[in-house]
Amino acid sequence: MSKTTLASYPHLLGFEQLERLLERSAKSGNEGYPPYNIEQTSDHSYRITLAVAGFAEEDLAITVEDRQLVIRGRQRDDSEGRVFLHRGIAARQFQRMFVLADGVEVGEAIMENGLLHVDLTRAIPDTVVQRINIKKG
């Protein structure tokens with residue numbers, strides 16, 4: 001069985017990056033921690049909300065790396081000297097990645113009641129009509 005790629009369509013020029021983007025997002029993993037929501041807040045804006053109960057602001061890092069929004073969390077283990085009869089809340093780390101389209105910019109991040117909200121906006125590109133002159137060879 002052959003694999004269909006965007007290169008199989010000769011009228012789609014310059015979309016090789018899109019194919020790599022799809023492969024990269026498929027490899028980013030489907031781990032369920034922490035749970036998150038993505039909502040469209042207007043025609044040109046979005047909000048990603050992660051449930052990060054137990055994390056402080058200084059335990060979290062938000063970066064944009066190569067058109068990917070990366071959210072990392074690392075809790076400090078403060079269990080030294082404590083005796084747990086049951087430990088159901090583990091200090092664990094996570095990394096969530098979201099691939100951003102061209103023109104999507106990361107706005108502010110807000111921590112509220114154990115939820116981390118990250119706002120995104122998408123710029124509306126101008127419609128450009130360009131006339132190409134034909135020269136005699």
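Residues numbered from 1 in each chain as written. Predicted model: local features only at pLDDT ≥ 70, side-chain atom pairs only at ≥ 80, totals over all residues. Heavy atoms only, no water.

Enquirer: Describe the overall build of the protein, listing the residues and the values that go with them.
Expert: Across its full length, the protein carries 1 helix and 7 strands. Helices (α) and strands (β) of the protein occur, in sequence order from the N terminus, as α-β-β-β-β-β-β-β. Taking the intrachain contacts of the protein between residues at least 6 apart in sequence as the baseline, contacts between residues at least 24 apart amount to 50%. Just so you have it, the protein exposes about 10,900 Å², and 51% of that area is on carbon and sulfur atoms. (Helix = DSSP H or I, 4+ residues; strand = E, 2+ residues; numbered from the N terminus. Contact = heavy atoms within 4.5 Å. Areas by Shrake-Rupley, 256 points an atom, 1.4 Å probe, with all protein chains shown as cover.)

Enquirer: Quick rundown of the sheet that holds strand β4 (residues 68-74)? Include the residues and the values.
Expert: Strand order in the open sheet formed by 3 strands is β3-β4-β5, and the pairing between neighbours is antiparallel. Strands with a single pairing partner mark the edges of an open sheet, and in this sheet they are β3 (60-65) and β5 (93-99). Direction aside, neighbouring strands of the sheet carry axes that sit 15° apart on average. By the bridge criterion, 7 bridges tie β4 to β5 in an arrangement that is antiparallel. Counted as the bridge partner of Q68 is V99 from β5. (Pairing = 2+ DSSP bridges. Axes fitted to C-alpha atoms, helices over the stretch in contact; angles between N-to-C directions.)

Enquirer: Describe in detail the pairing of strand β1 (residues 36-42), supporting the description with residues and values.
Expert: In terms of strand pairing, β1 meets strand β2 (residues 45-51) through 6 bridges, oriented antiparallel. Bridge pairing in β2 places Y36 opposite L50. Adjacent in sequence and paired antiparallel, β1 and β2 are bridged by 2 residues.

Enquirer: Quick rundown of the sheet that holds strand β7 (residues 115-122)? Include the residues and the values.
Expert: Reading across the sheet, the 4 strands line up as β1-β2-β7-β6 and stay open at both edges, with antiparallel pairing between neighbours. Looking at strand neighbours, the two that pair on one side only are β1 and β6 (104-112), the edges of this open sheet. Between one strand axis and the next, the sheet turns through 20° on average, direction left out of account.

Enquirer: How would you sum up the side chain of D59? Please name residues and give values.
Expert: With respect to the element layout, D59 can be found in the loop between β2 and β3. Discounting residues that sit within four places of it in the chain, D59 has contacts with G54, R72, G73, R74, Q75 and R76.

Enquirer: Residues and numbers for the environment of Y36, please.
Expert: With respect to the helices and strands, the residue Y36 is situated in strand β1. A relative accessible area of 37% places Y36 in the partly exposed class. Expressed as a C-alpha distance, the spacing of Y36 and L50, which sit 14 residues apart in the sequence, is 4.3 Å. Once you skip the residues sitting within four places of it in the chain, Y36 turns out to touch T49, L50, R96 and F98. (Buried < 20%, exposed > 50% of the residue type's maximum accessible area, 1.4 Å probe, protein only.)

Enquirer: Talk me through the pattern of salt bridges; I want residue IDs and the actual numbers.
Expert: Overall, the coordinates contain 3 salt bridges when judged by the stated rule. When the shortest N-O distance is used, the salt bridge between R47 and D119 registers 2.7 Å. Here R47 is found in strand β2, whereas its partner D119 is found in strand β7, with 72 residues between them in sequence. Between R67 and D102 there is a salt bridge, with the nearest N and O atoms lying 4.0 Å from each other. With R67 in the loop between β3 and β4 and D102 in the loop between β5 and β6, this pair connects stretches of sequence that are 35 residues apart. Classification of R67 by relative accessible area gives partly exposed; the value is 25%. (Salt bridge = Lys/Arg side-chain N within 4 Å of Asp/Glu carboxyl O.)

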